[in-house]
Amino acid sequence: MRKFSVGLVLFLAAAMVFTFAAIDADAADTIKIGFNIPLTGDNPDVGASSKNSAEMYLKKKPKIEVGGKSYDLTFIFDDNEYKAESAVKVSTKLITEEGVLGIIGPQSSSQAVPAGDVANNYATPMISPWSTNPNTTLDRPYVFRGCFLDPFQGPVSANFATDELSAKKAAVIYDIAADYPKGLAEFFKAAFEGIHGPGSVVAFESFTTGDKDFSAQMTNIMMSGADVVFVPQYYSEVPLIVRAAKEMGWTKPILGSDSWGSGDLMGLCGDDCKGYYFSTHYAAAGAKGETKAFIDEYTATYGKTPDDVAALTWDALGLMIQAIKNTGGLSGDIKADRTKVKDALASIQNFPGITGGMTFTADGDPKKCAVVVKINDAGQFEFFKSVCPK
Amino acid sequence: MTLNFLMQNLINALQWGSFYALIALGYSMVYSILMLFNFAHGDIFMVGAYIGLGVALGLLSLFGTGAAAILPGWLLLVLTILISMFLTAFVGIIVERVGYRPLREAPRASAAITGLMIGIILETSNILFLGGSRLKFPQLIQSVTYNIGGVYVTNKKIMIVLVSIGLMLALHQLISHTKWGMAMRAMAYDYVVVPLVGVPMNTIAAMTFAIGSALAAAAGILFGLAYPVLDPYMGVSFGWKAFVAAILGGRGSIMGACIAGFMLGFIEIMTVPAIQIMNRLFSLNIGSNLRDLIAYSIVLVILIFRPHGLFGQAYSAKLRL
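All figures in this text were calculated on a predicted structure; none of them were measured in a lab.

1. Quick notes on the domain arrangement of chain A
Residues and elements named next belong to chain A.
Right, on to step 1. Domains assigned within chain A are domain 1 (30–148 + 288–367) and domain 2 (150–280).
Right, on to step 2. On a C-alpha basis, the centres of domain 1 and domain 2 stand 29 Å from each other.
Right, on to step 3. Listed per partner, the contact involves 18 residues of domain 1 and 20 residues of domain 2.
Right, on to step 4. Here domain 1 packs against domain 2, burying approximately 1,500 Å² in sum over the two surfaces, 52% of which is carbon and sulfur.
Right, on to step 5. Inspection of the region where domain 1 meets domain 2 yields zero salt bridges.
Right, on to step 6. Linking domain 1 with domain 2 are four residue pairs in polar contact (both at pLDDT 80 or more), by the criterion used here.
Right, on to step 7. Elements supplying a minimum of two residues to the side of domain 1 that touches domain 2: helix 2 (44–60), helix 4 (109–121) and helix 11 (308–326).
Right, on to step 8. Of the residues in the side of domain 1 that touches domain 2, the class split is eight nonpolar, six polar and four charged.

2. With respect to the environment of Ala-161 of chain A
Residues and elements named next belong to chain A.
Right, on to step 1. Take Ala-161: it is sitting in helix 5 (residues 150–163).
Right, on to step 2. Sequence spacing of Ala-161 and Ala-323 is 162 residues, and the spatial spacing of their C-alpha atoms is 39 Å.
Right, on to step 3. Those residues within four positions of Ala-161 in sequence are excluded, and the remaining contacts are Ser-166, Ala-167, Phe-192, Val-228 and Leu-255.

3. A closer look at the sheet that holds strand 9 (residues 228–231) of chain A
Sheet strands pair via backbone hydrogen bonds, and the direction of the pair is either parallel or antiparallel.
Residue and element names in this part refer to chain A.
Right, on to step 1. The strand order across the open sheet built from seven strands is 8-7-9-10-11-14-15, with neighbouring strands paired in mixed fashion. Each having just a single partner strand, strand 8 (201–207) and strand 15 (381–387) make up the two edges of the open sheet. If you compare each strand with its neighbour and ignore which way they point, the axes differ by 20° on average.
Right, on to step 2. In this sheet, strand 15 lies alongside strand 14 (residues 370–375) in antiparallel orientation, the contact comprising six bridges. Pairing of Val-373 across the sheet is with Phe-383, part of strand 15.

4. Topic: the sheet that holds strand 5 (residues 126–128) of chain A
Residues and elements named next belong to chain A.
Right, on to step 1. With mixed pairing, six strands are arranged side by side in an open sheet as 2-3-1-4-5-6. The outermost strands of the open sheet, each flanked by one partner alone, are strand 2 (63–66) and strand 6 (143–145). For this sheet, the mean angle separating the axes of adjacent strands, direction not counted, is 30°.
Right, on to step 2. Contacting strand 1 (30–37), strand 2, strand 3 (69–79), strand 4 (102–104) and strand 5, helix 11 crosses the sheet at an angle of about 150° to strand 1.

5. A word on empty space enclosed by the protein
Right, on to step 1. On inspection of all chains with the given rule, the structure shows five cavities of 30 Å³ or more.
Right, on to step 2. One number sums up the size of the largest cavity: a volume of about 90 Å³.
Right, on to step 3. Considering the residues around the largest cavity, the lining is formed by 14 residues, among which Asp-213, Ser-215, Ala-244 and Glu-247 of chain A together with Tyr-227 of chain B are closest to the centre.
Right, on to step 4. Contributing elements (two or more residues each) for the lining of the largest cavity: helix 8 (238–247) of chain A together with helix 1 (3–34) of chain B.

6. Topic: helix 7 (residues 201–226) of chain B
Right, on to step 1. Counted at 1.5 Å a residue, the expected span for helix 7 of chain B with its 26 residues is 38 Å, and the 38 Å between its end C-alpha atoms agrees.
Right, on to step 2. Here helix 7 of chain B lies mainly inside the structure; 24 of its 26 residues are buried.

7. A closer look at the packing of aromatic side chains
Right, on to step 1. In this structure the tally under the stated criterion is 41 aromatic pairs over all chains.
Right, on to step 2. Taken together, a centroid distance of 5.2 Å and an interplanar angle of 85° make the contact between Phe-223 of chain B and Phe-238 of chain B edge-to-face. Of the two residues, Phe-223 of chain B is situated in helix 7 and Phe-238 of chain B in helix 8 (residues 234–249); the sequence distance between them amounts to 15 residues.
Right, on to step 3. A residue is classified by how much of its surface remains accessible, and Phe-223 of chain B, at 0% relative accessible area, is buried.
Right, on to step 4. The class for Phe-238 of chain B is buried, based on a relative accessible area of 3%.
Right, on to step 5. Three or more aromatic residues joined by ring pairs make a cluster, and in this case those are Trp-16, Phe-19, Tyr-20, Phe-45, Phe-223, Tyr-227 and Phe-238 of chain B.
Right, on to step 6. One Lys or Arg, Lys-51 of chain A, reaches over the ring of Phe-77 of chain A and ends 5.5 Å from the middle of that ring.
Right, on to step 7. Of note, Lys-189 of chain A hangs over the ring of Phe-204 of chain A, and the distance from its end group to the ring centre comes to 5.0 Å.

Rules behind the numbers
Residues numbered from 1 in each chain as written. Chains lettered and ligands numbered in written order. Predicted model: local features only at pLDDT ≥ 70, side-chain atom pairs only at ≥ 80, totals over all residues. Heavy atoms only, no water. Domains from an automatic or database assignment. Contact = heavy atoms within 4.5 Å. Buried area = accessible area lost by both parts, 1.4 Å probe. Salt bridge = Lys/Arg side-chain N within 4 Å of Asp/Glu carboxyl O. Polar contact = N/O pair within 3.5 Å; in protein donor to acceptor, adjacent residues only side chain to side chain. Helix = DSSP H or I, 4+ residues; strand = E, 2+ residues; numbered from the N terminus. Nonpolar A, V, L, I, M, F, W, Y, C, P; charged D, E, K, R; others polar. Pairing = 2+ DSSP bridges. Axes fitted to C-alpha atoms, helices over the stretch in contact; angles between N-to-C directions. 1 Å grid on protein atoms, 1.4 Å probe; cavity = no way out; pocket = protein on both sides within 12 Å on 5 of 7 lines; lining within 4 Å. Points joined across faces, edges and corners; volume = space filled by probe spheres on them. Expected span 1.5 Å × (residues − 1). Buried < 20%, exposed > 50% of the residue type's maximum accessible area, 1.4 Å probe, protein only. Phe/Tyr/Trp six-rings, centres within 6.5 Å; stacked < 30°, edge-to-face > 60°. Lys NZ or Arg CZ within 6 Å of the ring centre and 35° of its normal.

This is how it looks when you write it as structure tokens:
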């Protein structure tokens with residue numbers, strides 16, 4: 001009896017070893033890429049755009065060839081609830097439990113900055129398509145991004161307010177509890193005061209995430225005599241701020257940032273937002289070539305024009321796949337492969353993205369142009385001006 | 001700091017405070033009758049806003065929009081408010097029946113926790129059914145901004161404040177001049193003995209929830225008109241703050257809840273200009289984001305000196321409506 005038991009145990013153990021070996025053999029033919037995106041929470045449309053873009057990519061290219069071997073692509077979408085702590089948890093889980101080769105996301109700087117730390121600590125390549133805060137990639141060799149930075153966007157906005165809107169005094173209203181608005185508000189202030197002298201930003205009003213009433217802040221701005229208000233906020237807050245401004249009798253221009261272009265801004269804001277300007281990554285109206293092909297396919301699939309998040313996610317994914325191909329072959333040892341992908345990413349030259357060509361700097365940031373668009377009377381984002389880094 | 005500036009903020013505060021006041025009423029009424037705080041009340045405000053959205057969109061599709069409209073906007077608004085109040089009252093009744101009635105003999109903590117759970121259930125069902133995206137509340141009436149000597153007032157602001165005060169007066173009439181109101185007051189006085197003399201406790205409790213929820217629904221629709229972006233979690237912080245107003249007014253005091261609601265709105269709004277003045281006078285650099293910290297510290301100080309709230313009574317067993 002006892003011999004039988006020992007035999008059974010040995011048999012089971014052997015069976016298990018073989019099963020695991022079989023699973024491992026299967027796993028070797030798949031490349032997993034994780035998505036750390038907000039499917040619920042304060043910015044669900046950002047997550048939806050990212051997911052749409054990724055699924056469209058997967059449908060088009062479900063397999064990739066690396067070093068003469070064909071792999072199945074697998075995407076794992078995980079919800080970071082638009083919270084910093086959940087983004088950290090999601091990244092950790094994707095890396096340690098799911099064994100992903102690389103991560104796309106998080107999109108917003110508030111989540112990308114802390115999640116970038118996790119990716120870098122675990123030596124896993126990560127590309128944030130949409131995070132413009134410098135801290136996301138700073139001193140993190142494993143972290144890249146697909147867009148321009150706020151130290152560039154801030155001066156673009158300040159120059160635009162000066163040249164095109166002939167503003168001499170500016171006001172800013174921003175969420176102090178989120179990395180992106182806070183950083184950009186400060187870069188704008190520095191740039192504007194650099195042009196017009198200290199004190200030319202006459203009102204620098206802040207609030208905290210989740211606030212709905214901006215009437216008190218707008219009253220301060222009204223009384224400050226500003227010529228323009230800079231609002232570096234997301235699509236869910238912009239309508240409330242713009243409404244508060246109009247109710248206080250504000251008739252001067254309002255200037256936004258690249259966060260305006262995402263989600264359902266026009267659906268929520270409607271007529272209130274028409275006639276205002278914002279800086280962004282690309283203008284869908286009037287696009288050409290590859291960009292147009294992407295826009296057309298996306299529109300046909302999902303019934304809406306892709307926002308900048310969708311376009312940048314497409315490019316970030318393209319970069320990640322290109323880097324994996326450039327490694328010239330994967331070893332199967334996930335840790336070594338991650339490092340290989342990171343090295344390949346860092347050396348990519350002139351990647352032809354639909355939002356512009358990309359070559360990474362030593363910090364993992366691409367040099368890209370910004371586009372200023374005007375929201376026209378039809379509610380479309382109309383190309384107004386393009387500004388490139390010198 | 002001009003008079004205009006003060007007046008402008010006063011008007012902002014009136015609008016902001018009326019939401020707190022309407023929601024705080026629901027907390028206070030339930031507390032007086034059943035001696036428990038319905039922590040799902042903030043989420044019933046959210047549900048009311050979404051029901052209002054559904055009703056408004058339904059009415060708009062029935063009666064047309066813009067130039068093709070059959071009925072004027074204000075009539076649609078009145079209909080939206082009334083229908084939504086009616087529908088949300090049923091949500092309140094269901095919450096009472098399912099969540100609170102089975103726990104009436106249970107420890108108070110169980111009932112409070114149930115309230116929190118119902119709140120989470122309402123939020124997550126919203127995400128499940130509507131997908132969690134922000135929704136825009138339709139603007140049933142055209143927004144008009146008046147400039148009265150440098151102070152900007154919109155027709156909506158005036159309407160919101162008037163409708164809120166009207167609803168509060170209607171509630172006052174109901175409580176002090178009807179038989180149901182008398183039953184509610186009696187129950188608030190002593191909910192152990194009063195049912196023994198034939199007052200139907202369950203009916204009164206259900207009615208209290210219904211009225212509180214209807215008021216929250218009205219607040220939700222007015223909120224949608226002023227701040228047209230709805231999200232599933234909009235009731236959470238509102239619920240907390242209205243709860244603070246109910247405590248500040250004195251647990252179970254209806255008048256206290258109204259006054260404290262407006263007061264809370266006033267403190268919150270006025271903190272921003274006050275910070276600005278402080279910054280100028282003492283050349284500091286404090287941001288407006290410290291609004292809640294300062295506003296709620298003031299509330300804390302008030303409560304230290306008046307622990308039973310502004311209109312509360314020390315004998316918790318003898319609360320009056």
